[in-house]
Amino acid sequence: MGKASRRRKNGGDHLHQTRTRDLSVAPAPFVARPFEGLNGETDWVAIREVVPAATATVNFVQGVVAPDGPQSATVATVLPLSWSGLRRADGAVMVGLQSGSTTGDASRDVAQVLLATAAAQVGMPLPSAPLATAMTPRLQDVLDPGAPFEVTLHAGFDFWVPDIGDLDDEGKEALERANAAVIPTARLQSAPAAYYCQVGERSYLRWVLPYDEDAATDALARLYAASAASLGEGTRLLGAFRACGLLVPVWDLDPSLPGAEYEDALAQMVIRLDDALAHSGPLNGQERRARSGLLSRQVTLR
């Protein structure tokens, strides 16, 4: 083989190796529904985007962490000082879903924080984690697919510490300030991931729909055009926002009624929405205008 040929070959090998190395640090690819395939996809979205103070326990797949390491973790809405993760003094692993670095795939982001926190020293916070890459495993790879995902709502952030009595005066004061800012929230039982909340003197229902977001938008538009989108007297559909590939409609409610009073109305809405989803034909003119109105009204409540 001539020198020129060897140079071309060696150059090609080097280029191949470079590309291989680059793949390991390539940005995480965009995933429209990052939590799809996980148990409780809608509740994953709710903890990340909707509810103020909540936790859920997750279990690692065997072999993901060392045998003598933590085999479960707590995912929470937020942690103190907006830390990404915390390995508490008692060894518990906690990660915050509403903080930390973000890439094109929230599943990889959270998995990155979970694994980094599980490997951290006991008693150490993880203020931030390295950005996930295309080679970072996803939650679907590291969590037990058979374990339920059960959300526990909290009135405050006392779950941050095992024993509030162990806090000094400054820590207790900081926790009290954080608790005072929590929006009162309750989960309704008539639909998955439907949350009633009180914001000042107003009350709302935010419901993470488990359907394709475009199909869900069409269904809501059909209901709105048919004057069937309210939850009863004194309520109205304000609009919706998109979160992690799912649609989250928001209703303005009668603030004089507790959330439990809307269970029946929500159950009827589930039926009407399912019926609307069953219509696969194109929207008529009135429904298209309703759809445009829904898309133009992006709702932010916190």
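Residues numbered from 1 in each chain as written. Predicted model: local features only at pLDDT ≥ 70, side-chain atom pairs only at ≥ 80, totals over all residues. Heavy atoms only, no water.

Under the definition given, this model contains 6 aromatic pairs. A centroid spacing of 5.5 Å and a plane angle of 20° characterise the contact between F35 and W44, whose relative ring orientation is stacked. Accessibility expressed as a relative area gives 1% for W44, which makes it buried. (Phe/Tyr/Trp six-rings, centres within 6.5 Å; stacked < 30°, edge-to-face > 60°. Buried < 20%, exposed > 50% of the residue type's maximum accessible area, 1.4 Å probe, protein only.)

On to the sheet that holds strand β10 (residues 236–243), then. Spatially, β7-β8-β9-β11-β10 is the arrangement adopted by the 5 strands of the open sheet, whose pairing is antiparallel. Because the sheet does not close on itself, it has two edges, and the strands there are β7 (185–187) and β10. On average, each strand axis in the sheet is tilted by 25° relative to the strand beside it, whichever way the strands run. Note: strand β9 (residues 202–207) against strand β11 (residues 246–253), 4 bridges, orientation antiparallel. Within β11, the residue paired with Y204 across the bridge is D252. Across the sheet, helix α2 (residues 41–49) is in contact with β7, β8 (194–199), β10 and β11; its angle to β11 comes to roughly 65°. Most of the contacts of helix α6 (residues 213–225) go to β11, to which it runs at about 30°, and overall it touches β10 and β11. (Pairing = 2+ DSSP bridges. Helix = DSSP H or I, 4+ residues; strand = E, 2+ residues; numbered from the N terminus. Axes fitted to C-alpha atoms, helices over the stretch in contact; angles between N-to-C directions. Contact = heavy atoms within 4.5 Å.)

Across its 13 residues, α6 extends 18 Å between first and last C-alpha, which sits within 8% of the 18 Å expected from 1.5 Å per residue. Those residues of α6 that sit buried are E213, A216, T217, A219, L220, A221, R222, L223 and A225. In this structure, the buried side of α6 is in contact with β10, β11, α7 (263–277) and α8 (285–296). N-capping of α6 is provided by D212, with a side-chain oxygen placed 3.1 Å from the backbone N of D214. Directly beyond the C-terminal end of α6, a positive phi value near 55° is found at S227. (Expected span 1.5 Å × (residues − 1). Polar contact = N/O pair within 3.5 Å; in protein donor to acceptor, adjacent residues only side chain to side chain.)

Let us now look at the packing of α6 against α8. Running from N to C, α6 and α8 cross one another at 115°; their axes reach a closest spacing of 8 Å. Where α6 crosses over α8, the handedness of that crossing is right-handed. Contacts between α6 and α8 involve D214, T217, D218, L220, A221, R222, Y224 and A225 on the former and, on the latter, Q286, E287, A290, R291, L294 and L295. Taken together, the residues of the contact of α6 with α8 break down into 7 nonpolar, 2 polar and 5 charged. (Left-handed = near helix turned anticlockwise from the far one by under 90°. Nonpolar A, V, L, I, M, F, W, Y, C, P; charged D, E, K, R; others polar.)

Looking now at the layout of surface pockets. For the largest pocket, the calculated volume is near 400 Å³. In terms of lining residues, the largest pocket is bounded by 16 residues, among which P80, W83, W160, V161 and L167 are the most central. It is helix α5 (residues 169–180) that provides the largest number of residues to the lining of the largest pocket, a total of 4 residues. Here the lining of the largest pocket is built from residues that sort into 13 nonpolar, 2 polar and 1 charged. Size it by volume and the second largest pocket reaches roughly 160 Å³. Contributing to the lining of the second largest pocket are 15 residues, with L38, N39, L143, D144 and A147 lying nearest its centre. Those elements that provide at least two residues to the lining of the second largest pocket are β1 (54–59) and α4 (139–142). For the lining of the second largest pocket, the element with the most residues is β1, which contributes 3 residues. Residue composition of the lining of the second largest pocket, by class: 9 nonpolar, 5 polar and 1 charged. (1 Å grid on protein atoms, 1.4 Å probe; cavity = no way out; pocket = protein on both sides within 12 Å on 5 of 7 lines; lining within 4 Å. Points joined across faces, edges and corners; volume = space filled by probe spheres on them.)

In this section: the side chain of S107. Its location among the elements puts S107 in helix α3 (residues 106–118). Judged by relative accessible area, S107 falls into the buried class, the value being 0%. If we skip the residues at most four places from it in the chain, S107 touches P34, F35, R138, L139 and Q140.

We now examine the sheet that holds strand β4 (residues 93–96). Within the open sheet, the 6 strands sit side by side as β5-β3-β4-β2-β1-β6. Their pairing is mixed. Only two strands of the sheet have a single neighbouring strand rather than two, namely β5 (124–126) and β6 (152–153). In this sheet, β6 lies alongside β1 in antiparallel orientation, the contact comprising 2 bridges. Bridge pairing links A54 to L153 in β6. Each of β1 and β2 (72–76) is contacted by α2, which is oriented at about 135° to β1, the strand it contacts most. The strands that α3 touches are β2, β3 (85–87), β4 and β5; relative to β4, the one it contacts most, it runs at about 150°.

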